[in-house]
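What follows is the residue order along each chain.
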Amino acid sequence: MEYNGIERKEFFKKSELIPAIIQDVQNNEILMLAYMNEESLSLTLKTGYTWFWSRSRQELWNKGAHSGHTQKVVNILYDCDEDTLLVKVVQNGAACHTGNRSCFYRELYNGSNKENENE
């Protein structure tokens, strides 16, 4: 199937799974990173809600199907290499399974931290 001049299968030439960066359309916050296979991308396009492939459970999952924290898809962009998606969504509730709004709530490095200057 073709979308905006590109065959869906083009995204999966390098790998069966591609990263999908999920971003809040209202404030541009990065909410999470998940992986899509061809079937989950197809379901996302068909339903208008995010679907992913769980690498740990080896199964499809519809974000928010159990928690109610759904992601309504507004726009999907792809990168210059056609191997990563940016999915802009309206987030309902928390995006992270921990209950945090974003999965990116822990800091690994802060360049303004004086303690890091001598390392």
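Here the structure is a predicted model, which means the values were calculated and not measured.

## Section: the sheet that holds strand β8 (residues 85–91)
On the basis of which strands lie adjacent, the open sheet formed by four strands has the order β4-β3-β8-β7 and mixed pairing. With partners counted over all chains shown, the strands left at the sheet margins are β4 (30–36) and β7 (71–78), one partner each. For this sheet the average axis-to-axis angle between neighbouring strands, irrespective of direction, equals 30°. Of the strand pairs in this sheet, strand β3 (residues 18–24) and β8 are connected by five bridges, and their pairing is parallel. Paired with Ile22 across the bridge in β8 is Val87. Against the sheet, helix α1 (residues 38–47) engages β4, β7 and β8, with an angle of about 125° to β4.

## So, the nonpolar core
Within the largest apolar cluster, 16 residues are counted, with the highest numbers of intra-cluster contacts made by Ala20, Ile22, Met36, Phe52, Leu85 and Val87. Counting residues per element, the ones that place at least two in this core are β3, β4 and β8. Here the element with the most residues in this core is β4; it accounts for four residues. With near-sequence residues (within four places) excluded, Met36 lies in contact with Phe12, Glu16, Leu17, Ile18, Ala20, Leu41, Thr44, Trp51, Phe52, Trp53, Leu85 and Val87.

Cut-offs used in this document
Residues numbered from 1 in each chain as written. Predicted model: local features only at pLDDT ≥ 70, side-chain atom pairs only at ≥ 80, totals over all residues. Heavy atoms only, no water. Pairing = 2+ DSSP bridges. Helix = DSSP H or I, 4+ residues; strand = E, 2+ residues; numbered from the N terminus. Axes fitted to C-alpha atoms, helices over the stretch in contact; angles between N-to-C directions. Contact = heavy atoms within 4.5 Å. Core = buried A, V, L, I, M, F, W, Y, C linked by side-chain atoms within 4.5 Å. Buried < 20%, exposed > 50% of the residue type's maximum accessible area, 1.4 Å probe, protein only.

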